[in-house]
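# Reading the structure
Spelled out from the first residue to the last, the chains are:
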Amino acid sequence: MITLSAPDFRAALPGGGRLIGLDLGTKTIGTALCDAGWSFASPAGTIRRTKFTADKAALVRLIAAERVAGIVLGLPLNLDGSESPRSQSTRAFARNIADLALPLLLWDERWSTQAVERMMIDADISRAKRAERVDTLAAAHILQGAIDALAMG
């Protein structure tokens, strides 16, 4: 099940469970995990993108190791909310991992990278360290936004 609806995603996970957040980039996939009670999201690392089958295998290993119940995938939208070529690429990725048989929530990721960059600049983190961490922190930001919405509804 792929959905844009937090209530539908929540209904597909009646017992809660750990969630994985994904920030899909062209070179890496940032990952984050949350606790089974959906309280907080934490960065989990990056998957260096190569071929889709290898990317998916790495994702499957992480999902199995962490006993993940659902996936939150950042959906890159234009500032006006319209879809872009990157949105279509993300939707295709979602369809290609749908056979994992986990509920998948496409979550608006507008501003996630900018918010994380601003936080790291404010924390005086060097440009090199920011480049290393931005994808996984963006995934945590996306996941935290989704679990906050799930907790409200």
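A brief structural summary. (Residues numbered from 1 in each chain as written. Predicted model: local features only at pLDDT ≥ 70, side-chain atom pairs only at ≥ 80, totals over all residues. Heavy atoms only, no water.)

## Some words on helix 2 (residues 52–65)
To be explicit about the condition: Each helix is a run of H or I in the DSSP string that is no shorter than four residues. Each strand is a run of E no shorter than two, and both are numbered from the N terminus. In this scheme, a helix's expected span is set at 1.5 Å multiplied by one less than its residue total. Working definition: with a 1.4 Å probe on protein chains only, accessible area under 20% of the residue-type maximum means buried, over 50% means exposed, and in between means partly exposed. Directions drawn from the helix axis to the C-beta atoms are what define this arc. Residue contacts are counted whenever heavy atoms from the two residues lie within 4.5 Å of one another.
For helix 2, spanning 14 residues, the distance from its first C-alpha to its last is 20 Å, which sits close to the expected 20 Å at 1.5 Å a residue. Among all positions of helix 2, only Asp-55, Lys-56, Ala-58, Leu-59, Leu-62 and Ile-63 are buried. Projection of helix 2 onto a plane perpendicular to its axis shows the buried side chains occupying an angular sector of 160 degrees, all on one side. In helix 2, the exposed positions that point more than 90 degrees away from the buried face belong to Thr-53, Arg-61, Ala-64 and Ala-65. Residues of helix 2 that are buried sit in contact with strand 2 (18–24), strand 3 (28–34), strand 4 (41–48), strand 5 (68–75) and helix 3 (85–97). Phi turns positive one or two residues past the end of helix 2, at Arg-67, with a value near 50 degrees.

## Focus: the packing of helix 2 against helix 3
Heads up, the rule is: Every axis corresponds to a line fitted to the C-alpha atoms, with the helix fit spanning only the stretch in contact, and the corresponding angles, defined between N-to-C directions, vary from 0 to 180 degrees. By convention, the crossing between two helices is left-handed when the near helix turns anticlockwise from the far helix through less than a right angle, and right-handed when the turn is clockwise.
It is the contact of helix 2 with helix 3, at a shortest axis distance of 11 Å, that shows an interaxial angle of 65 degrees. As for how helix 2 packs across helix 3, the hand of that crossing is right-handed. Contacts from Phe-52, Lys-56 and Leu-59 in helix 2 reach Phe-93, Asn-96 and Ile-97 in helix 3.

## Quick notes on the nonpolar core
Rules: To qualify as a nonpolar core, a set must consist of buried Ala, Val, Leu, Ile, Met, Phe, Trp, Tyr and Cys residues joined through side-chain atoms within 4.5 Å.
Counting 21 residues, the largest nonpolar core has Ile-20, Leu-22, Leu-59, Ile-71, Leu-73 and Phe-93 as the members making the most contacts within it. Of all the secondary structure elements, the ones that give two or more residues to this core are strand 2, strand 3, helix 2, strand 5, helix 3 and strand 6 (104–108). Among residues more than four places away in sequence, those in contact with Ile-71 are Phe-9, Ile-20, Leu-22, Ile-63, Ile-97, Leu-100, Leu-102, Pro-103, Leu-104 and Leu-105. Judged by nonpolar contacts, the second largest core, of 17 residues, contains Ala-6, Ala-32, Val-72 and Leu-143.

## Some remarks on the pattern of salt bridges
Close approach of charged atoms lets side chains of opposite charge pair. Selection rule: Any carboxyl oxygen of Asp or Glu that lies within 4 Å of a side-chain nitrogen of Lys or Arg is treated as forming a salt bridge with it.
Enumeration over the complete set of coordinates arrives at 4 salt bridges. A salt bridge links Asp-55 to Arg-49; its shortest N-O distance comes to 3.2 Å. Relative accessible area serves as the criterion here: at 25%, Arg-49 is assigned to the partly exposed category.

## Some points on the side chain of Thr-28
Within the secondary structure layout, Thr-28 lies in strand 3. Of the residues examined, Thr-28 reaches a relative accessible area of 7% and is grouped as buried. What Thr-28 contacts, discounting residues up to four positions off in sequence, is Asp-23, Thr-46, Ile-47, Arg-48, Arg-49 and Asp-135.

## Overview of the sheet that holds strand 5
Our working definition: Should DSSP find at least two bridges between two strands, the strands are taken to pair.
Overall, mixed pairing links the 6 strands, which are arranged 1-6-5-2-3-4 in an open sheet. Of all strands in the sheet, those bounded by a partner on one side alone are strand 1 (2–3) and strand 4. As defined by bridge partners, strand 5 adjoins strand 6 across 5 bridges and the pair is classed as parallel. Within the sheet, the bridge partner assigned to Val-72 lies in strand 6 and is Leu-105. Together, strand 2, strand 3, strand 4 and strand 5 form the strand contacts of helix 2, whose direction differs from that of strand 2 by roughly 155 degrees.

## Notes on the packing of aromatic side chains
Counted only if it meets this: Stacked, edge-to-face and tilted labels apply to pairs of Phe, Tyr and Trp rings (six-membered ring for Trp) whose centres lie within 6.5 Å, assigned for plane angles under 30 degrees, over 60, and everything in between, in that order.
This model, assessed by the stated rule, comprises 1 aromatic pair. Taken together, a centroid distance of 5.8 Å and an interplanar angle of 85 degrees make the contact between Phe-52 and Phe-93 edge-to-face. Note that Phe-52 is positioned in helix 2 and Phe-93 in helix 3, a separation of 41 residues in sequence. Owing to a relative accessible area of 29%, Phe-52 belongs among the partly exposed residues under this scheme. Residue classification places Phe-93 among the buried residues on the basis of a relative accessible area of 4%.

## Describing the pairing of strand 5
Let me state the cut-off plainly: Here, the term right-handed applies to a crossover whose path from the first strand over the helix to the second runs clockwise when the strands point away from the viewer.
Burial runs high along strand 5: 7 of the 8 residues are buried. Bridge count for strand 2 against strand 5 is 5 bridges, and the pairing is parallel. Across the sheet, residue Leu-22 finds its bridge partner in strand 5, namely Leu-73. Crossover strand 5 to strand 6 through helix 3 is right-handed.

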